[in-house]
Amino acid sequence: MRMTARPQNVHQARLLRLLRDEGPRSRAELGDVVRLSRSKLAVELDRLVALGLVETAGLAASRGGRRSGIVRLSPGLRFVAFDIGATSIDVAVTNGELEVLGHVSEPCAVREGATVVLDRALDLLGKLRDEGLIRQVHGTGIGVPGPVSFRDGMPVAPPIMPGWDRFPVREAIGQELGCPVLVDNDVNIMALGELHAGTARSVNDFLLVKIGTGIGCGIVVDGAIYRGVSGSAGDIGHIRVADDGPLCACGNSGCLEAYFGGAALARDAAAEARAGHSPRLAEILASAGELTARDVADAAAAGDPAAVRLIRAGGRHVGQVLAGLVSFFNPGLVVIAGGVAGLGHTLLAEIRSVVYRRSLPLATGNLPIVLSELADAAGVIGGARLISDHVFATA
């Protein structure tokens, strides 16, 4: 097992994050940003070179005097991300600047249990290793679809993850890969992905709402994830919408997720099909035996009235909860993501309508509510960002 090198002080940590976020820079440009003397900057950069974290890369254009050397992160740095969803696994490898070098995914039910799912994730990583993308893993970030004790690196009583409660994910993967590992809720890593490479790149305070099999919210405050005292902040899928609503996987009734998570949408679409309200959905149900959010989206795009009604009803429920969050938190941006978010602009328009109508004008006057542009990459970019923040910080 090779230990991952870490910066030795805050100056080195800042330099690493700057090179990660902004790419190669000349020593003169770095000095302008970090405000270190030329001699002190040279000492810190030389130490980072010795640690194998950065390297020199030629000379920059002259700014009127001696040409300054260009510095970049070591091209051998590799971060791994596991984005484990309710029904699929995504695995990616990035370089130090978090550019995705390889990304593979496959269907996998998280209900199969921790050992099975993590073994499949490691198998997918093995495919990327076989492609020659990895010599050493310098850190791994993992997202799972349930509440996580970030401090302990394990899920805690996750409603849709039987067999995962307090499974030592961080310890198990850390021993397997021989590198630092962090585990977080999948919505939080998606929010980090948006912060690093998405529409939230220039926004310090925003909400990322994931609508998939479940519904959750990543909360970013001053450029960092807010997890709450125990790590359960943002679990908005279990906010009660109505007292007499459908039963939720958490055991309560009337939760937002029970109205408009992926399973709820499939349930309601099947009911519409069986009731004869949607010949198109009925045809798909008869041939496939089940319906998905994608089927509802396709039916709505074809003008199916029942599918459009389902999407609008779900959007109203999400908007109702989100309006309260906007009034409470006053974010600068709301990003809608996840598989069900693939329902597109019909869903987005309904959410916007409710939020803009129910929240105070001061909170919504300059509030964009947008669909994610990163699609399936948000989680893996965010997982790499999560672990790079750790590796590029002082031990």
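Described below are features of the structure shown in this document. Worth saying up front: this structure is predicted, and the values here are computed from it rather than measured. Numbers given to residues run from 1 along each chain, matching the order in which its sequence is written. Totals for whole chains, interfaces and linings use every residue, but because this is a predicted model, local features are given only for residues with pLDDT of at least 70 and side-chain atom pairs only at 80 or more, for both listing and counting. The side-chain quantities take in all heavy atoms of the structure and omit both hydrogens and water.

1. With respect to the overall build of the chain
- The number of helices and strands found in the chain is 14 helices and 15 strands.
- Our radius of gyration is a C-alpha quantity, and the globule rule it is checked against amounts to 2.2 Å times the number of residues to the power 0.38. Relative to the 2.2 N^0.38 estimate, which gives 21 Å for 395 residues, the radius of gyration of the chain is 23 Å and therefore close to what a compact globule would have.
- When the backbone C-alpha atoms are referred to their principal axes, the chain occupies close to 75 × 50 × 40 Å.
- Residue contacts follow a heavy-atom distance rule, with two residues in contact if any of their heavy atoms lie within 4.5 Å. For the chain, the share of sequence-separated contacts (at least 6 apart) that also reach a separation of at least 24 residues comes to 61%.
- In this description, accessible areas are obtained by the Shrake-Rupley approach with a 1.4 Å probe, and a residue is regarded as covered only by the protein chains that are shown. Of the accessible surface of the chain, which amounts to about 17500 Å², a share of 50% is contributed by carbon and sulfur atoms.
- Taking the average place of the 39 positive charges on the side chains of the chain and the average place of its 41 negative ones, the gap between the two points comes to 8 Å. Numbering goes from the N terminus for both helices and strands, where a helix is a DSSP run of H or I of at least four residues and a strand is a run of E of at least two. His is not counted here, nor are the chain ends, while Lys and Arg score as positive and Asp and Glu score as negative. Positions of charges follow a simple convention, taking NZ of Lys, CZ of Arg, CG of Asp or CD of Glu.

2. A short note on helix α1 (residues 10-22)
- Each helix should span, by expectation, one fewer than its residue count multiplied by 1.5 Å. With 13 residues, α1 should reach 18 Å at 1.5 Å per residue; the first-to-last C-alpha distance of 18 Å fits that figure.
- The buried label applies to any residue whose accessible area, calculated with a 1.4 Å probe on protein chains only, is under 20% of its type's maximum; exposed applies above 50%, and partly exposed to all values in between. All buried positions along α1 are accounted for by Gln12, Ala13, Leu15, Leu16, Leu18, Leu19 and Arg20.
- Remark: Gly23 follows α1 within two positions and exhibits a positive phi of approximately 85°.

3. Some remarks on the packing of helix α6 (residues 186-197) against helix α14 (residues 377-391)
- Two numbers describe how α6 lies on α14: the axes approach to 6 Å, and their chain directions differ by 85°. Taken together, the axes of α6 and α14 lie roughly perpendicular to each other. Facing α6, whose interface residues are Ile189, Met190, Leu192, Gly193, Glu194, Leu195, His196 and Ala197, α14 presents Ala378, Gly379, Ile381, Gly382, Gly383, Arg385 and Leu386.
- Any residue outside Ala, Val, Leu, Ile, Met, Phe, Trp, Tyr, Cys, Pro, Asp, Glu, Lys and Arg is labelled polar, Gly included; the first ten of those are nonpolar and the last four are charged. The residue inventory of the contact of α6 with α14, partitioned by class, reads 8 nonpolar, 5 polar and 2 charged. Axes, fitted as lines to C-alpha atoms, cover a helix only where it is in contact. Angles between the N-to-C directions of the axes lie from 0 to 180 degrees. Roughly parallel here means an angle under 35 degrees, roughly antiparallel means over 145, roughly perpendicular means 65 to 115, and every remaining angle is called oblique.

4. Comments concerning the packing of aromatic side chains
- Aromatic rings from Phe, Tyr and Trp, taking only the six-membered ring of Trp, are treated as a pair when their centres fall within 6.5 Å; an angle between ring planes under 30 degrees marks them as stacked, one over 60 as edge-to-face, and anything in between as tilted. Enumeration according to the criterion identifies 1 aromatic pair in this entry.
- Aromatic side chains Phe79 and Phe392 sit 5.7 Å apart centroid to centroid with 75° between the ring planes, which places their arrangement in the edge-to-face category. A residue pair is termed long-range when its members are at least 10 positions apart, and Phe79 in strand β4 (residues 79-84) and Phe392 in the segment after α14 qualify at 313 residues.
- Classification of Phe79 as buried rests on a relative accessible area of 0%.
- Classification of Phe392 as buried rests on a relative accessible area of 0%.
- A cation over an aromatic ring shows up here: Arg227 above the ring of Phe150, its NZ or CZ 3.7 Å from the ring centre. Remark: a charge is flagged as sitting over a ring if the NZ atom of Lys or the CZ atom of Arg is within 6 Å of the ring centre and within 35 degrees of the ring normal.

5. Side note on unusual backbone geometry
- Even without being glycine, Asp222 reaches a positive phi, approximately 55°.
- Residue placement: Asp222 occurs in the loop between β12 (215-221) and β13 (224-225).
- A positive phi is found at Asn330, a non-glycine position, where the angle reads about 55°.
- Residue placement: Asn330 occurs in the loop between α11 (305-329) and β14 (334-337).

6. Points about the sheet that holds strand β11 (residues 206-211)
- In short, DSSP must find at least two bridges between two strands for them to pair. Strand order in this open sheet of 5 strands is β13-β12-β11-β14-β15, and the pairing throughout is mixed. Because the sheet does not close on itself, it has two edges, and the strands there are β13 and β15 (369-371).
- Pairing of β11 with β14, which is carried by 4 bridges, proceeds in the parallel orientation. From the neighbouring strand, Lys210 faces β14, where its bridge partner is Ala337.
- Against the sheet, α11 contacts β11, β12 and β14, and its axis sits at roughly 160° relative to β11.
- Where helix α12 (residues 345-358) meets the sheet, its contacts fall on β11, β14 and β15, and the angle it forms with β15 comes to roughly 165°.

7. Remarks on helix α5 (residues 169-177)
- The set of residues buried in α5 consists of Val169, Ile173, Gly174 and Leu177. Projected down its long axis, α5 carries its buried residues within an arc of 115°, all on one side.
- Phi for Gly178, located one or two positions after α5, is positive at around 65°. This arc is built from the directions going out from the helix axis to the C-beta atoms.

8. A few points about the pairing of β11
- Burial analysis of β11 places 6 of its 6 residues in the buried class, the great majority of the element.
- With 6 bridges connecting them, β11 and β12 associate as antiparallel partners. Paired with Lys210 across the two strands is Gly216, which belongs to β12.
- Once β11 ends, the chain turns through 3 residues before running back antiparallel as β12.

9. Observations concerning the state of the cysteines
- Note on disulfides: each one is a pair of cysteine sulfur atoms within 2.5 Å. Applying the stated criterion across every chain, the model contains 0 disulfides.
- Summary of cysteine pairing: Cys248 is not part of a disulfide, and the nearest cysteine sulfur, belonging to Cys250, is at 3.8 Å.
- There is no disulfide at Cys250, and the cysteine sulfur nearest it, in Cys255, is 3.7 Å away.
- In this structure Cys250 comes out as partly exposed when scored by relative accessible area, which is 30%.

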